[in-house]
Amino acid sequence: MVLGLPSEVAIVWRKEQQENKRDVECVDERRAWKRATTNNREEIPGRLGLPFVGETFSFLSATNSTRGCYDFVRLRRLWNGRWFKTRLFGKIHIFVPNPEGARTIFANDFVLFNKGYVKSMADAVGKKSLLCVPVESHKRIRRLLSEPFSMTSLSAFVTKFDKLLCERLQKLEERGKSFKVLDFCMKMTFDAMCDMLMSITEDSLLQQIEEDCNAVSDAMLSIPIMIPGTRYYKGITARKRLMETFREIIGRRRRGEETREDFLQSMLQRDSLPPSEKLDDSEIMDNLLTLIIAGQTTTAAAMMWSVKFLHDNREAQDILREEQLSITNIKPDGASLSHEDLNNIRYGLKVVKETLRMSNVLLWFPRVALQDCTIEGYDIKKGWHVNIDATYIHHDSDLYNDPLKFNPKRFDEHQKPYSFIPFGSGPRTCLGINMAKVTMLVFLHRLAGGYTWTLDDLDTCLEKKAHIPRLRSGCPITLKSLSKTMLEA
Ligand code: HEM
């Protein structure tokens, strides 16, 4: 296979996964035949390897390669069929490959399944984080956090994000130099989120918070030993600094020295309400940190993939551009994008969905079985890790015609339930789903509606040691304003 041509699909394993599908189906057929003829309840196949170690080294090796950690899953499926088990870091893992299995898990979240408790994660983001709290607190905290993320509450965010984006894109175009889309989107999403959450706009403070958030994020899946120099140590120290900063801001607001219209203010306004209707300070602070970490890298990676996919698919890019121009052409020059305008970006929304389907920002969603149970006829033991394999589901040719093709129009039709799950589903559905969508829509609107771009590095390798698939190159592009492109044409 020749790599690196612009017309090619970005990631090798995607293509290979598809090519391997027939082989995987053969393995599945043989197993189905065995099941039918022997009348035995079949075990999930797979290699557990040595106690504790299992296949951990193969997993780490895939994670450390430019093919990304999903390559580990792809290969095992090829050997074992669609359902397989493996042992990683001492725990048995099952990868659940279909919408029916996904539905069973989502529908029983907190009852039969829960997120696995990882000590380093709770230490880093905090025990009161949505990612770590038990079911009773989760319901309350989630309800109270949700309101500022509803579509109607995001209007102010849309206007601010649009303004910031326009300024920064214009500067980059005027400079005329190549820049990495990934870095640009990481900064954009981080700055916009800190503004929306706590009205922080000062550069030096933003930089400090970003560095600390990155350290916390790195510590989330590290070995929890407090030795100076380790990822865990750096993360915990960064967390302390962040909590101090958040505490100071909360203090200033409480003393009336500062009032803003932002997420934090809306939480503090509940101070006089009964405990069930408000968050305490540690809940507020842990979740401020959680929102930044959960929202920044995911959204930025998706934005980067949209640029790559649109570059490789000129037809989709042209349709998208036409739609954006039809919106800007009827607005006064320089007018901001309103929340209502976003409702008219219909093709753009399909581009967002297709980007999320193809890029699988979160490759799989991990859960632990709280008791013995069955999923799709397979016995699952208490303590096993069951991973909803969104990547496989999103590339299954039984669910998506020609799944490797970037084809936003496929979303003209409704998808089968649980076959499109980039934001998960059930009680743990992504809290930032609306924010992620509007961020991507505004970005696509301004980028395709104002510029053309060249991709300056055709390398399709993935970043090493990353759990979110991102191009190793960072997707460098050079912008040209549409007016200049038209003059030259
Ligand atoms: C394209 C961008 C995004 C994607 C693909 C994404 C995806 C997801 C997924 C799949 C889950 C559920 C995981 C599971 O079931 O285990 C999730 C949870 C979550 N997301 Fe997002 N997310 C994105 C952006 C955001 C943003 C912008 C925010 C916040 C501002 C955010 C905050 C959260 C939070 C707090 C949770 C945990 C919810 C809970 O456990 O109740 N996400 N996200």
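Each chain has its residues counted from 1, running along the sequence as written. It should be noted that, the model being predicted, local features are given only for residues of pLDDT at least 70 and side-chain atom pairs only at 80 or more, the latter also being counted only at that level, while totals for whole chains, interfaces and linings use all residues. Side-chain numbers here rest on the full set of heavy atoms in the structure, without hydrogens or water.

1. Digging into the overall build of the chain
Item 1. A tally of regular secondary structure across the chain gives 18 helices and ten strands.
Item 2. Against the 2.2 N^0.38 benchmark of 23 Å for 489 residues, the chain shows a C-alpha radius of gyration of 23 Å, consistent with a compact globule.
Item 3. Structurally, the chain occupies a C-alpha span of about 70 × 60 × 45 Å along its principal axes.
Item 4. For the exposure calls, accessible area comes from a 1.4 Å probe over protein chains only, and a residue counts as buried if that area is under 20% of its type's maximum, exposed if over 50%, partly exposed in between. Taken across its 489 residues, the chain has 55% of its residues classed as buried.
Item 5. Throughout, a contact is declared for two residues whenever any of their heavy atoms are within 4.5 Å. Taking the contacts inside the chain whose residues are at least 6 apart along the sequence as the reference set, 74% of them involve residues at least 24 apart.
Item 6. Computed with a 1.4 Å probe, the accessible areas rest on the Shrake-Rupley method; for each residue, only the protein chains presented here act as cover. Of the roughly 22400 Å² of accessible surface on the chain, a fraction of 54% belongs to carbon and sulfur atoms. Counting from the N terminus, the helices are DSSP H or I runs at least four residues long and the strands are E runs at least two residues long. Put simply, the radius of gyration uses C-alpha atoms, and a globule should come to 2.2 Å times the residue count raised to 0.38.

2. Digging into unusual backbone geometry
Item 1. Non-glycine residue Y418 carries a positive phi angle of around 65 degrees.
Item 2. Not every positive phi belongs to a glycine, and K465 is a case in point at roughly 55 degrees.
Item 3. If you trace the backbone, K465 turns up in the loop between β9 (451-455) and β10 (476-481).

3. Comments concerning the coordination of the iron atom of the ligand
Item 1. Metal-coordinating donors are taken as N, O and S atoms lying within 2.8 Å of the metal, or within 3.2 Å when the metal is Na, K or Ca; because water is left out, some sites can appear incomplete. Looking at the iron atom of the ligand, one finds just one donor atom contributed by the protein, C430 (SG), at 2.3 Å.
Item 2. Within the element layout of this structure, C430 appears in the loop between α16 (390-394) and α17 (433-450).

4. Looking at the side chain of T290
Item 1. Relative to the assigned elements, T290 resides in helix α12 (residues 281-312).
Item 2. Of the residues examined, T290 reaches a relative accessible area of 6% and is grouped as buried.
Item 3. In this view, T290 contacts V125, S129 and L131; residues no more than four positions away in its chain are not counted.

5. Here we look at the sheet that holds strand β4 (residues 179-180)
Item 1. Taken together, three strands build an open sheet; the order of strands is β4-β10-β9 and the sheet is antiparallel. A single partner strand is all that each edge strand has here, and the edge strands are β4 and β9.
Item 2. Relative to β10, β9 runs antiparallel, the two sharing five bridges. By the bridge assignment for β10, L455 is matched with I477. A strand pair is defined by DSSP finding two or more bridges across the two strands.

6. A short note on the packing of aromatic side chains
Item 1. Classification of ring pairs uses Phe, Tyr and Trp, with its six-membered ring standing for Trp, and accepts pairs whose centres are within 6.5 Å; under 30 degrees between planes counts as stacked, over 60 as edge-to-face, and the remaining range as tilted. Per the counting criterion, the structure on display carries 15 aromatic pairs.
Item 2. Aromatic pair F84 and F95: ring centres 5.2 Å apart, planes at 10 degrees, arrangement stacked. Here the residue F84 occupies a position in strand β1 (residues 84-88), and F95 occupies one in strand β2 (residues 91-96), the gap between them amounting to eleven residues. Grouping residues by exposure puts F84 and F95 together as buried.
Item 3. Clustering of aromatic rings is evident, with ring pairs tying together F59, Y70, F72, F84, F89, F95 and W364.
Item 4. The lysine or arginine in question, R77, covers the ring of Y392, its NZ or CZ lying 4.4 Å from the ring centre.
Item 5. The criterion is that NZ of a Lys, or CZ of an Arg, lies within 6 Å of the ring centre and within 35 degrees of the ring normal, and then a charge sits over that ring. One Lys or Arg, R357, reaches over the ring of Y400 and ends 5.0 Å from the middle of that ring.

7. Remarks on the pattern of salt bridges
When the charged atoms of two side chains lie near each other, side chains of opposite charge can form a pair.
Item 1. What counts as a salt bridge is simple: a side-chain nitrogen of Lys or Arg found within 4 Å of a carboxyl oxygen of Asp or Glu. Under the criterion given, the structure shown has 39 salt bridges.
Item 2. For K187, the salt bridge identified is with D191, shortest N-O distance 3.0 Å. Remark: D191 and K187 occur in helix α8 (residues 181-198); sequence separation between them is four residues, near one turn of the helix.
Item 3. Using a relative accessible area of 31% as the deciding quantity, one classes K187 as partly exposed.
Item 4. With a shortest N-O distance of 3.0 Å, R254 and D281 are connected by a salt bridge. Of this pair, R254 sits in helix α10 (residues 231-254) while D281 is found in helix α12, placing the two residues 27 residues apart along the sequence.
Item 5. The exposure class of R254 is partly exposed, given its relative accessible area of 39%.

8. Comments concerning the site of the ligand
Item 1. Residues in contact with the ligand amount to 25 residues; listed here are only the nearest, K115, H138, R142, R367 and C430.
Item 2. At a separation of 2.7 Å, an oxygen atom of the ligand approaches a polar side-chain atom of H138.
Item 3. As used in this structure description, the phrase polar contact means that two N or O atoms lie within 3.5 Å; if the pair is within protein, one of them must be able to donate a hydrogen and the other to accept it, and residues adjacent in sequence are counted only when both atoms belong to side chains. In the environment of the ligand, an oxygen atom lies 2.8 Å from a nitrogen or oxygen atom belonging to the side chain of R142.
Item 4. Throughout, the ten residues Ala, Val, Leu, Ile, Met, Phe, Trp, Tyr, Cys and Pro are labelled nonpolar, Asp, Glu, Lys and Arg are labelled charged, and all others, Gly among them, are labelled polar. Looking at side-chain class alone, the shell around the ligand contains 15 nonpolar, six polar and four charged residues. A single heavy atom is enough: if one lies within 4 Å of a molecule or strand, its residue is considered near that molecule or strand.

9. Section: the nonpolar core
Item 1. Only buried residues count toward a nonpolar core, which is a set of Ala, Val, Leu, Ile, Met, Phe, Trp, Tyr and Cys residues joined through side-chain atoms within 4.5 Å. F184, L197, M198, F246, F443 and L479 are the most contacted members of the largest nonpolar core, which has 101 residues in total.
Item 2. Per-element accounting of this core gives the leading share, 16 residues, to α12.
Item 3. Ignoring anything within four residues of it in the chain, the contact list for F443 reads F161, L165, V181, F184, C185, M303, S306 and V307.
Item 4. Formed by 22 residues, the second largest nonpolar core is a distinct cluster that contains I94, A102, F365 and C373.

10. Section: a nonpolar patch on the surface
Item 1. Like charges are joined within 9 Å and nonpolar side chains (Val, Leu, Ile, Met, Phe, Trp, Tyr) within 5 Å, but only among residues with over 30% relative accessible area and no salt bridge; these make up the patches. On the surface, a nonpolar cluster with roughly 450 Å² of combined accessible area is contributed by F52, F57, L60 and F89.
Item 2. The topology assignment puts F57 in helix α2 (residues 56-63).
Item 3. The exposed category is assigned to F57, whose relative accessible area is 60%.

11. Description of the environment of V352
Item 1. Structurally, V352 is set in helix α15 (residues 346-359).
Item 2. Between the C-alpha atom of V352 and that of S306, which follows or precedes it by 46 residues, the distance is 7.3 Å.
Item 3. Once residues within four sequence positions are removed from consideration, V352 is found in contact with M440, L441 and L444.

12. Some words on helix α4 (residues 99-107)
Each α-helix turn comprises 3.6 residues. Residues three or four places apart therefore point the same way.
Item 1. Considered for burial, the residues of α4 that qualify are P99, G101, A102, I105 and F106. Take α4 and look down its axis: the buried residues cluster within an arc of 155 degrees, on one side only.
Item 2. Buried-residue contacts for α4 involve β2, β3 (113-114), β5 (365-369), β6 (373-375), β8 (385-388) and α16. To obtain the arc, one takes the directions from the helix axis to the C-beta atoms.

13. Considering the packing of α15 against α17
Item 1. Think of each axis as a best-fit line through the C-alpha atoms, taken over the contacting stretch in the case of a helix, with angles from 0 to 180 degrees between the N-to-C directions. Axis separation between α15 and α17 bottoms out at 10 Å; the angle between their running directions is 115 degrees. Pair α15 / α17 crosses with right-handed handedness. Together, G348, L349, V351, V352, T355 and L356 of α15 and K437, M440, L441 and L444 of α17 make up the contact between the two elements.
Item 2. Within the contact of α15 with α17, the residues separate by chemical class into seven nonpolar, two polar and one charged. Helix crossings get a hand from a simple test, with the near helix turned counterclockwise from the far one by less than a right angle marking a left-handed crossing and a clockwise turn marking a right-handed one.

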